[in-house]
Amino acid sequence: MHTDVRISVIYYSFTGTVAEIAREMAETAEKEGAEVRLRKVPDAASATGKAAAPAGAAPAGDTVEAPVACVDDLLWADGVLLGSPTRFGNIAGPLKSFLDSLGGAWRKQQLADKVYSGFTATSSLHGGQESTLLALTTSFHHFGGVVVAPGYTSPEKFADGNPYGTAHCDEGRTRPVDDTTRTAARIQAARVVRFARAVTAA
Ligand SMILES: Cc1cc2nc3c(=O)[nH]c(=O)nc-3n(C[C@H](O)[C@H](O)[C@H](O)COP(=O)(O)O)c2cc1C
């Protein structure tokens, strides 16, 4: 098995759904022979010590153990999987703040020529999964990244039905990450490893 490719899985998660997808992706990338960094973006509250959780939100539930993400986790990687909960149809603030911290690296072209792919979670089925995934893609284009979407490249992708990226619907926090979402996460992560390896070798 090759270990010639580096993958960073970077996510923000408040109630733990996106964290669970991130963990599945990191494990898959390791199984595919990549060197992997699993990193979390802290909640704005813990970063600033000020504001609490979003109004009406459940208590924090990300129990995945991972170091805090930093710019070097992108510079180091050949492929980056970025995950955020959907908030009002868009990227959650903490992950967006992390993206906004990448200006210096972007200016030096240090984010270019890497493979990027996104994932998300929502509460409702039509609550904005695709708009969040496309918003992530917008940043990937600005980076000069190579965007790798899962598409319907495996027959199993017709079960989750989202060609833009892995997206779990938690149905009001009543539906934990299930086999369908885990399968989608594994397909996406394996594909990112494969393309990152090819781009790096090119
Ligand atoms: C402020 C806020 C805004 C949200 N906006 C949406 C939304 O637009 N559409 C949706 O379906 N769910 C929305 N949700 C629900 C979360 O996207 C959903 O529960 C997700 O699974 C949480 O991911 P996490 O467990 O990784 O934090 C929102 C939650 C919060 C706290």
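In what follows, the structure referred to is the one given above.
Residues numbered from 1 in each chain as written. Predicted model: local features only at pLDDT ≥ 70, side-chain atom pairs only at ≥ 80, totals over all residues. Heavy atoms only, no water.

Undergrad: Give a detailed account of the overall build of the protein, specifying residues and quantitative values.
TA: The helix and strand inventory of the protein stands at eight helices and seven strands. Taking 17 Å as the expected radius of gyration for a compact globule of 202 residues, we find that the protein reaches 16 Å, a close match to that expectation. Its C-alpha atoms give the protein principal-axis dimensions of about 50 × 40 × 30 Å. For the protein, the proportion of its 202 residues judged to be buried stands at 52%. (Helix = DSSP H or I, 4+ residues; strand = E, 2+ residues; numbered from the N terminus. Rg over C-alpha atoms; globule rule 2.2 N^0.38 Å. Buried < 20%, exposed > 50% of the residue type's maximum accessible area, 1.4 Å probe, protein only.)

Undergrad: Help me get a handle on the side chain of K40, residues and values and all.
TA: As for its placement among the helices and strands, K40 is situated in strand β2 (residues 35-40). A distance of 3.1 Å separates the side chain of K40 from the side chain of D62, its partner in a polar contact. Every residue in contact with K40, bar those within four places of it in the chain, is listed here: Y11, D62, V64, A66, P67, V68 and A69. (Polar contact = N/O pair within 3.5 Å; in protein donor to acceptor, adjacent residues only side chain to side chain. Contact = heavy atoms within 4.5 Å.)

Undergrad: With reference to specific residues and values, describe the pairing of strand β1 (residues 6-11).
TA: For β1, the tally of buried residues reaches five of six residues, placing the bulk of the element in the interior. The β-α-β motif built from β1, the intervening helix α1 (residues 17-31) and the parallel element β2 has right-handed crossover chirality. As judged from the five bridges shared by β1 and strand β3 (residues 79-87), these two strands associate in the parallel manner. The residue of β3 that forms the bridge with S8 is V80. (Right-handed = clockwise from strand over helix to strand, strands pointing away. Pairing = 2+ DSSP bridges.)

Undergrad: Lay out the nonpolar core in plain terms, naming residues and giving numbers.
TA: Core analysis: the largest hydrophobic core is formed by 27 residues, its most contacted members being I7, V9, Y11, M25, L38, L81 and F119. At the level of secondary structure, the elements contributing two or more residues to this core comprise β1, α1, β2, β5 (115-122) and α8 (179-201). Among the elements that line this core, the one with the most residues is α1, at seven residues. In this structure, V41, W76, A92 and F98 belong to the second largest nonpolar core, which totals 22 residues. (Core = buried A, V, L, I, M, F, W, Y, C linked by side-chain atoms within 4.5 Å.)

Undergrad: Run through the pattern of salt bridges, naming residues and quoting values.
TA: On inspection of all chains with the given rule, the structure shows twelve salt bridges. With a closest N to O distance of 3.4 Å, E20 and R182 form a salt bridge. With E20 in helix α1 and R182 in helix α8, this residue pair connects regions lying 162 residues apart in the sequence. A salt bridge links D178 to R175, with the shortest nitrogen-to-oxygen separation between them at 2.8 Å. Salt bridges sharing common partners tie together E20, R23, E24, R182 and R186. (Salt bridge = Lys/Arg side-chain N within 4 Å of Asp/Glu carboxyl O.)

Undergrad: Residues and numbers for the packing of α1 against α8, please.
TA: Relative orientation of the contacting elements α1 and α8 amounts to 45°, with a least axis distance of 8 Å. The orientation of α1 relative to α8 falls into the category oblique. For α1 against α8, the interelement crossing comes out right-handed. On α8, the residues touching E20, I21, E24, M25, T28 and A29 of α1 are T181, R182, A185, R186, Q188, A189, A190 and V193. Of the residues belonging to the contact of α1 with α8, the class tally is seven nonpolar, three polar and four charged. (Axes fitted to C-alpha atoms, helices over the stretch in contact; angles between N-to-C directions. Parallel < 35°, antiparallel > 145°, perpendicular 65-115°, else oblique. Left-handed = near helix turned anticlockwise from the far one by under 90°. Nonpolar A, V, L, I, M, F, W, Y, C, P; charged D, E, K, R; others polar.)

Undergrad: Residue-level account of unusual backbone geometry, with values.
TA: Of note, the phi angle at Q109 is positive, near 65°, even though the residue is not glycine. By the element assignment, Q109 lies in the loop between α5 (103-107) and β5. The exposed category is assigned to Q109, whose relative accessible area is 57%. The backbone of E171 sits at a positive phi, close to 45°, despite the residue not being glycine.

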